[in-house]
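In case you want the letters, here they are:
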Amino acid sequence: MATRGVFTSGSCVTFKNDGAHGPPGLRGHDGADGSGGGGHGASGTSGTDGKPGESAGTLKVNLAVDASNKIFLTANLGPTGFNGQPMNLNANLVLGDPSAELVMSSVGGSGGRGGDGGNGGHGATGYAGADATRWSSGGNGGPGGNGGDGGGAGNGGNAGDGADSQITLHQCDMDLIMLLKQRVPNTHAGTPGQPGVPGQGGAGGRGGRGGASYSWQEAQTTYGPNGQSQTTYISYTNPGGSPGPNGCSGRNGMSGRAGMTARNGRFNIVLTTHSGGQLVFPSPYNLALLSNRTWVDSVGYGITEPGCITLVTVGHSNTGGMNTPSDQRIWAYLLDNQWVTCPVSNRVALSPFIQAGVSEVLSRPIVFHVTDVTTPAMGPPFRTVGSMDHCALVERVNQDFPAVRAQHDPFTIQFPVEMSIIKGGDAISFQERSPLVFFIENISRLSIGLDGAPARLLHAQVTGSLTTQGGESNLEEADLHMHDCDGVTWGPVSTGVFSDVRVVPAGGRMFFASSIKFTNPATKPYTRVTVTSRLCLGHVRGMLEGKDIQLRPFEVQLAESYVRKEQSQVLIVVNNRTDYEEVEAWKRLCESAGEIPSIWNVNLYGDLNLEFRKKDGRTLFQDFHCSNIVLLNSPFLFEENDKDHYAYKFVRMGELLKASRDHGINVLVFGGAKELKWDRELLPLEDPAKCQVVYSKSVAKLVKGTGKSIAPGEGSAVPTPAIAKADVCGYLKHKGSFYWANLFFHSKTLCLYKSTKKGYPDISLLLQPVKVETLVESECIIANTPMGKFEFGSGEKHTTEKRKKKTGERAGFTTSLEAWAAAFKRLDEESDEWKVSEEDFSGFLCMKTKGFIGSDYKKYFFRTCKSAKCLLYYTSHTAPLEQYRGCVSLGRYRLEQGDFYGKEKSTAEMKFQIMTPSETYFFKADSEEDRVKWVDEILSCSPMAPAVVPVHTEHASERKAKNLFFTRSMEALTRDATRRLSTSKNSVDSAYDSSADTITSLVASQSGSDVDTVCSAPSSPKPSLQRRVSVMGPQRQGSLKHALSLSGSVSTRSSGSRIALSSATTTPSSDDASEAELEEFEREIANMPSMNTVQRIEVESRYIFTSPKEGDLRGKAKSIVKTLAKKFPNQRNVAVYHFEPQKQSRGFCIKHIGHIDVHRSLDRTRAHWVHRNVSTVSDIHSPATITSFPSKFAFVKSLDFTKKIMLLDQEMRGVTAATAPIPTAASIHERAHFSTQSTTLAAAMLAILSDIADEQIAFRSSSFAGGLDVRKLCSRMECLVQLKTFVFGSLHDQASGPEEDVIARCMVLVELVMLISLLASCFKTSFSDFLLPFRRATNMKAATRQSLVEILSAPCIPDCAVEFVRGTNKWKDHMKNAWKTEVCKHSGFGCSNKKGGKGMKVDKKVMLQCFHAPTGISLDTQTQLASVMSKKEYTQMYVAPRPNQVKEDRFLFSSQADEFMAVRGLMGEFDANAGGSEGARERIVKFCNVKPPHAA
């Protein structure tokens, strides 16, 4: 049915005369399925055609305005296709209503969709054939019935025609066309109907089943010659019938066709002119803006500034199909908004009756006002974006054009002059003066100033506020001085200085320079004073009336200069937002832990660079070697408009790793977690150009060398790959075979290879010392070394042209035996003279080389050879000196004493071992005294040099823990005695001697026990401790040097353990050592080489039917990391593989896959970096947060383990029987829980527990023992070892107090042991650990238990407390439950009662986390590190360190010229030409203290 009529919705009137849509066709019927045996299916019927759509009727609307100013609409609706009745309709709209709208529609009806065809019926199944019988065969099955055909699809109905539409109106009412909203009414034809879907043909029936076959047997009897009968059976079969054929499927129905398209209607507008004529238009008029719109301020600055008048030039184009109104005006203007005000009087009328397609520009610009601002911009110059929202409004009808209204022109609002940021010293020391430099820039097209055109007021002012922050709350005028660049002092500071700027040319800059200085020495450091620069500009509509448009604040902090304190152990990194009370809180925290801090202000020095060499010739690495750094990671600014900086951001890539690994520096990051990327920091990303490479032959050799802490290579020989750049290379003949040879002068090494591409030498010889003979007749070279005689022949015959082509381009290549002889002769000339002498130390020793695998000791006569650095042995003491049986090279070795391998049955005190890269020699002396003599002689014969590069040495963080164990104990006892006993020199001397004697006597007391000695890598005693030696009295120097002369690293252990000695770094031991000698020794320690060394394995494998893949090499890298983690649980290694396949010249199908570099990061057994997460800035600066227990724990956790024990010992002195009553069995629940109190003692205890947790987690990371039995674990768990052997002065020295006080202090150790036991119980034991042998968890459980027993039975427990400590075992369970409850409460973790109310049930994982790292604390040991990566991934992560920005005494000026040079430098940071030009002074505006007239 047609939709016809008038419809009103609000202010919208719709006239419709549309045609009705045709109904769809009917679907055909489906055919019936076939019946009976093989019946055919019936065909489906066709669908009917869709009906045609109805044609629309014509629509004519007349628009007019009646006398009451209402819009009168008269519509005539012509007959539609099926409805012959015309209609006349009327409607009204309000004139001037902007929402009034007219909609017209004369759309033809759409054709109906054709009906779908019916589906054909399915054919029936054929009849079944008869089954076979004994007398007949089976019948065939009947054929299946055919399927019926599908019905045809109905055709779609034809579309109805669209009808013509028309609007008629008079010329005086042309504005009414706006009711159409610039739309052309819809007159299109209907949509043709779509055809239906053809019916599907029916499926054919299946053929009938064939008849079944029939089988039977018949008996047949026969008789033989003797009448015997024999019966046989014969089988018969009648076949069955075949199945019948299947019926055919029916055909699909015929497709229909779509309906026919129809004619569209037309639209026009008939306009009756004033003269009575008529004009016809195809569409309404419409306006659009031209693109070339321009605007300019009324003065001509070319800047749209607040409060100015702006002129906009706009053009329009009539994009419609008829002329614009002739009797009504169209007004162009801008809509008012936040920044634009356009009065009605400023609207501009367009020309009337603009023809279609014609464009015109307004006769005059549109004028609007920019909103003024009343307050100056704080910081950056005022700059915002306004919007010019265009509008073109037709009067009377009160409607505008959407295309114009959619245009928004953004424009920038800013002042014509701007003031830059202030550059200068945001932190200065008391002696320094902070220069303050800024400029104003004219960004307009006209000059500005009183001498400009037009004349306009412009001046600047600099003031200082006496209300301060950070330190003092208020300052007096005399506490600050302000100067200009000529050194003239202006004042008072609160009033400031002024500068009247006469003129700044267009695009020009004028600089302003002043300086400020703190003058009162009593001013607290970290006081921040705010200096403000003020820019005043004449108003744009009153140019001599000043108005402040911009303020630039700049804070200057009175900073503490860095002072290298002799006893400073902590470096606190602060910034220009650090407060005085904040620093004082940190100092109190450090002092509570017995540490003295120094301060480094990143704003004062411009950077944090630990490697920067200061004016004193030292680096921060040296100043804080084996110390601590605290990074206050709070946000701060370098410049006003800069983003927040964090102290951690100034740490260069790899700097923290180097600090901890090479210099033993621990780091505490206090503050937010922003910028923290410890997973990247832990990666040993070394500069490839500076990285040293040590080659290993195989994974097994690498693991073996790592276990021995000895680099590969006999003596001090350095094995390298065949392709390495050598001084001389070529072929040599040795023992009848030809080798590729590389000779290196710097390492005195000759490497021989069976292949020119081999990654590791088959033979490496150290030619130092060496004696060379050249036999001309036999054409050979003989090299005599302590290890034997080696003969080399010419390889010239072996050097074919093919081989020469491959290797001839290598540096140093030669085929001449004379060249080789000259090279060997050079080594001979550079070699030390060596010979065996009767004066060398000699004697009998028993030796075996097979370890503990069944061989026995055999006696030999030994002689040291100092000139050759070796140990020679003979079968008899009467043998000639040169006829020794063998030689033990001392070029690269390690010495152990006692029962190192734990398999010696007896006399361990008389045994020692020498480990070389290829062999371990076991020695047994006749007595302990002989063993001591031999060890001393061997060490004096060849000082320890375990590695030519430090890859196999312990990290500095590990060395300091062992090396300073006893020296720190002495230091703490001395400091404590100084603080607590007396301030007199005699008392201090006595206390120091007492502490030294205690330690020395402890070492002496162990001399009769089963001990062993480790000569390990170069160790580094504390530099600050060495400095302190030089200022002590002679008696104390002797005591301390005696302890250090034990080789700098002494740690005693119980029976079966070892004493660690290091003889590579020898402390000056004379009592009258000079200050220069001690300083030289300190420099030697602090300048130890960086461990930027990697171990490399060249990987080869056999590939017969496949090719090398990168995954193969990655798998081997994973295997190496897994093996190292199992063997050395303390280490954290990263394997970097480089896939570079190439065929080798030797071996069947041997291919070189590439190489694997093993980089060692920080160890996992103790934390080096601690992060105390404080999220809010106010909390970071809060003294309450700094002195809170979590912060105290974090600080103590960052200390070295030895310091933790020292701190524990110090705090134990405050424990007395009065403050901590000795508990009994009845009062066990009333005892004081030391570890649950917010004290320094509790922090030390929990930090020790956290370190032990680190160690336990690392050692328990492997499932299988990996060669670490209980004894080795007891000796390698350094934390427990130090607890066992530490001498607690609070229990032993003269100031310990009464016995009951000592017993009360022993309760601290008892509690600590119980907590360690509780910690160990948190580790779960799997079912496999109970069933299988050689499990790491089982060994760790036994080793920990044994160590805890030894702690409470060690010499640290005084005699008076032994019985009490033994008696605590029976209270163990009660104490554990009590402590467990308290620890859970204290740590914020909940716990619940077990069933039955007996004991406490705590989640072991939660408890372990509580012990390891409480909430808010994160450690580097918790960071997951990528253990395997490709070389590409590795090199992409490497970032070259940024340039150094540290500047000392930046603003300490000796003359006015120096200060002006600093000013020029700051000017150059703004503008290179300004700072470097000779006319820099002329560009600086002079200041005065007289305020200009008209200023704001």
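Residues numbered from 1 in each chain as written. Predicted model: local features only at pLDDT ≥ 70, side-chain atom pairs only at ≥ 80, totals over all residues. Heavy atoms only, no water.

(A) Spotlight on the packing of helix H26 (residues 1299-1321) against helix H28 (residues 1336-1352). In the contact formed by H26 and H28, the axes pass within 10 Å of each other and the chain directions differ by 175°. One finds that H26 runs roughly antiparallel with respect to H28. Seen from H26, the contacting residues are Leu1309, Val1310, Val1313, Ile1316, Ser1317 and Ala1320; seen from H28, they are Thr1344, Leu1348, Ile1351 and Leu1352. Here the residues of the contact of H26 with H28 sort into 8 nonpolar, 2 polar and no charged. (Axes fitted to C-alpha atoms, helices over the stretch in contact; angles between N-to-C directions. Helix = DSSP H or I, 4+ residues; strand = E, 2+ residues; numbered from the N terminus. Parallel < 35°, antiparallel > 145°, perpendicular 65-115°, else oblique. Contact = heavy atoms within 4.5 Å. Nonpolar A, V, L, I, M, F, W, Y, C, P; charged D, E, K, R; others polar.)

(B) Expanded view of the sheet that holds strand S63 (residues 1417-1419). Reading across from one edge, S37-S36-S38-S39-S60-S63 is the order of the 6 strands in this open sheet, with mixed pairing throughout. Here the strands that pair on one side only, and so sit at the sheet edges, are strand S37 (596-601) and S63. Sheet twist, expressed as the mean angle between neighbouring strand axes with direction ignored, is 20°. Relative to strand S39 (residues 666-671), strand S38 (residues 628-633) runs parallel, the two sharing 6 bridges. Paired with Leu632 across the two strands is Phe670, which belongs to S39. (Pairing = 2+ DSSP bridges.)

(C) Broad picture of helix H2 (residues 580-592). End to end, H2 covers 18 Å across 13 residues, agreeing with the expected 18 Å (1.5 Å per residue, within 8%). All of the buried residues along H2 are Glu582, Val583, Ala585, Trp586, Lys587, Leu589 and Cys590. Looking at the residues trailing H2, positive phi occurs at Gly594, about 75°. (Expected span 1.5 Å × (residues − 1). Buried < 20%, exposed > 50% of the residue type's maximum accessible area, 1.4 Å probe, protein only.)

(D) Region of the structure containing helix H5 (residues 655-663). Burial within H5 is extensive, with 8 of its 9 residues counted as buried. Those residues of H5 that sit buried are Glu655, Leu656, Leu657, Ala659, Ser660, Arg661, Asp662 and His663. Looking one or two residues beyond H5, the residue adopting positive phi is Gly664, at roughly 65°.

(E) Molecular detail of a nonpolar patch on the surface. Side chains of Phe1264, Phe1327, Phe1330, Leu1331 and Leu1332 sit close together on the surface and give an oily, nonpolar patch of about 590 Å² of accessible area. When you line up the elements, Phe1330 lands in helix H27 (residues 1327-1331). Phe1330 gets classed as exposed once you look at its relative accessible area, which sits at 61%. (Patch = residues over 30% accessible without salt bridge, like charges linked within 9 Å, V, L, I, M, F, W, Y side chains within 5 Å. Areas by Shrake-Rupley, 256 points an atom, 1.4 Å probe, with all protein chains shown as cover. Salt bridge = Lys/Arg side-chain N within 4 Å of Asp/Glu carboxyl O.)

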